[in-house]
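What follows is the residue order along each chain.
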Amino acid sequence: MATAKKSAPKRAAATSTGVATSFAAIPAARARQLFNWNRALVFLHGIQAIIIVVISPTAAAVRFIGHYPVQGPIVNGMPTLSSASELLFSFPLAYLVAAFFGLSALAHFLVAYPLRKRYEGWLAREFNPMRWAEYALSSTLMIVGIASLSFITDAGALIALAVANASMNLFGWSMEEANIGRKNVQWSHYIFGCIAGIAPWIAIFISFGLSLAHWPTGTTANGVDFAAFKTVLIVIYVSLFVSFNIFAINMVLQRLKIGKWADYLHGERSYMILSLVAKTLLAWQVWTGVFQPGSN
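Q: Whenever I open this one, the overall build of the protein chain confuses me. Can you help?
A: Across its full length, the protein chain carries eight helices and two strands. Put simply, the protein chain runs from its N terminus to its C terminus through helices and strands in the order α-β-β-α-α-α-α-α-α-α. Taking all 296 residues of the protein chain together, 42% fall into the buried category. Partitioning the intrachain contacts of the protein chain with sequence separation of at least 6 by distance along the chain shows that 71% fall at a separation of at least 24. Roughly 15,400 Å² of accessible area belongs to the protein chain as shown, and the carbon and sulfur atoms make up 68% of that amount.

Quick look at the structure:
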């Protein structure tokens with residue numbers, strides 16, 4: 001009696017252009033590991049979002065300020081223009097911190113449960129658009145928060161920084177999508193993403209550098225030491241700048257398949273860890289330096 005042969009998972013088949021047309025499913029054991037990771041990260045991000053909201057004061061705020069011209073003094077018989085400002089809107093910095101944790105928790109929930117099969121199919125093709133969509137939102141909130149701590153309050157500047165950072169992450173999406181099944185890596189998307197991503201940091205370092213040059217001395221009315229607060233901000237900027245750049249290094253290692261990163265799923269797990277570490281660093285450094293009782 002003939003026995004039915006067990007069908008083997010599809011393997012990537014390269015065309016004459018060097019681009020694969022079919023892909024093997026990720027191993028079941030690895031899929032289960034990733035499910036457990038995503039499930040754990042739903043909790044780790046979600047619980048931090050809740051804790052931040054519960055324990056943080058709301059006095060520190062992200063402010064979006066608009067500027068408009070007003071008539072200035074008459075100089076040599078000629079009217080001049082000066083600038084006035086108006087608060088367009090603001091919201092507590094604590095809610096922004098909770099929001100980027102909440103967005104991460106939501107993304108991990110989606111790929112762990114309703115989108116699990118689709119997520120595993122993406123990973124089989126070495127592509128994860130959900131990661132980049134989540135980063136485009138959550139890391140952009142992080143950049144806006146860092147910019148606010150750098151005394152950037154102009155609404156136009158904050159919106160431009162947000163769009164540049166979101167674009168960087170969307171270039172990450174297009175980088176992976178453009179290289180699905182390719183033998184030779186196409187790097188143009190990565191380069192354009194780096195250009196977009198460095199712009200917010202240049203603006204932040206310029207603004208904070210000017211702030212350092214004119215930093216006040218002594219203490220505030222409620223006893224906060226200005227020098228200590230400056231140190232907190234420097235630590236935040238340096239640690240987050242390093243964290244953001246490690247994401248870029250992770251992509252290079254993953255695309256060049258160097259060492260453990262020859263396995264795309266190792267890079268996927270690295271992204272998960274980096275995201276948790278970067279968000280946790282920012283949240284609790286901000287809480288220690290800005291939200292802690294007596295610092296407002």
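From this point on, the discussion continues.
Q: I tried to follow the packing of aromatic side chains on my own but got confused; where do I start?
A: Working definition: an aromatic ring pair is given by the centre-to-centre distance plus the angle between the planes. Applying the stated rule across the entire model yields 21 aromatic pairs. Clustering of aromatic rings is evident, with ring pairs tying together F151, F208, W215, F229 and Y237.

Q: Honestly, empty space enclosed by the protein in this entry has me stumped. Any pointers?
A: In this approach the atoms are scanned with a rolling probe the size of a water molecule, which exposes any empty space left behind. If you walk through the whole model with that rule in mind, you get one cavity of 30 Å³ or more. Computed from the structure, the largest cavity encloses a volume of approximately 130 Å³. If you trace the largest cavity, you find 14 residues lining it, with H108, N128, R131, E134 and E268 closest to the centre. Contributing elements (two or more residues each) for the lining of the largest cavity: α2 (93-112), α4 (129-149) and α8 (264-291). Broken down by class, the residue content of the lining of the largest cavity amounts to seven nonpolar, four polar and three charged.

Q: What exactly am I supposed to notice about the packing of α4 against helix α7 (residues 226-256) here?
A: When two helices pack together, their arrangement is given by the angle between their axes and by how far apart the axes lie. Where α4 contacts α7, the axes come no closer than 11 Å and their chain directions differ by 155°. When the axes of α4 and α7 are compared, the pair comes out roughly antiparallel. Both α4 and α7 take part in a crossing whose hand is left-handed. Of the residues in α7, those in contact with W132, Y135, S139, M142, I143, I146 and L149 of α4 are L233, I236, Y237, L240, F244, F247 and M251. Grouping the constituent residues of the contact of α4 with α7 by class yields 13 nonpolar, one polar and no charged.

Q: How should a nonpolar patch on the surface be read in this particular structure?
A: Nonpolar side chains collect at one region of the surface, where F43, L44, I47, I50, I51, V54 and I55 lie side by side and expose about 610 Å² of accessible area between them. Secondary-structure assignment places I55 in helix α1 (residues 28-55). Take I55: its relative accessible area is 38%, and that puts it in the partly exposed class.

Q: Before we go on, may I ask you to explain the confidence of the model for the protein chain in this structure?
A: One rule of thumb: low pLDDT means the predicted coordinates there are not for detailed reading. For the protein chain, mean pLDDT is 90; residues scoring 70 or higher make up 90% of the total. Mean pLDDT across the secondary structure elements of the protein chain bottoms out at strand β1 (residues 61-75), with 91, and peaks at helix α5 (residues 155-178), with 98. Per-residue pLDDT stays below 50 along residues 1-17; that stretch engages in 18 contacts with residues further than four places along the chain or on separate chains.

Q: Sorry if this is basic, but what is going on with the pattern of salt bridges here?
A: Where charged atoms from two side chains of opposite charge approach closely, those side chains can pair. Counted by the stated rule, this structure contains seven salt bridges. E120 is the salt-bridge partner of R116, the closest N and O atoms lying 2.9 Å from each other. Placement of the pair is R116 and E120 together in helix α3 (residues 116-124), with a separation of four residues, close to one helical turn. Of the residues examined, E120 reaches a relative accessible area of 13% and is grouped as buried. For E268, the salt bridge goes to R131, with nearest N and O atoms at 2.4 Å. Note that E268 is positioned in helix α8 and R131 in helix α4, a separation of 137 residues in sequence.

Calculation criteria
- Residues numbered from 1 in each chain as written.
- Predicted model: local features only at pLDDT ≥ 70, side-chain atom pairs only at ≥ 80, totals over all residues.
- Heavy atoms only, no water.
- Helix = DSSP H or I, 4+ residues; strand = E, 2+ residues; numbered from the N terminus.
- Buried < 20%, exposed > 50% of the residue type's maximum accessible area, 1.4 Å probe, protein only.
- Contact = heavy atoms within 4.5 Å.
- Areas by Shrake-Rupley, 256 points an atom, 1.4 Å probe, with all protein chains shown as cover.
- Phe/Tyr/Trp six-rings, centres within 6.5 Å; stacked < 30°, edge-to-face > 60°.
- 1 Å grid on protein atoms, 1.4 Å probe; cavity = no way out; pocket = protein on both sides within 12 Å on 5 of 7 lines; lining within 4 Å.
- Points joined across faces, edges and corners; volume = space filled by probe spheres on them.
- Nonpolar A, V, L, I, M, F, W, Y, C, P; charged D, E, K, R; others polar.
- Axes fitted to C-alpha atoms, helices over the stretch in contact; angles between N-to-C directions.
- Parallel < 35°, antiparallel > 145°, perpendicular 65-115°, else oblique.
- Left-handed = near helix turned anticlockwise from the far one by under 90°.
- Patch = residues over 30% accessible without salt bridge, like charges linked within 9 Å, V, L, I, M, F, W, Y side chains within 5 Å.
- Salt bridge = Lys/Arg side-chain N within 4 Å of Asp/Glu carboxyl O.
- pLDDT = per-residue confidence, 0-100.

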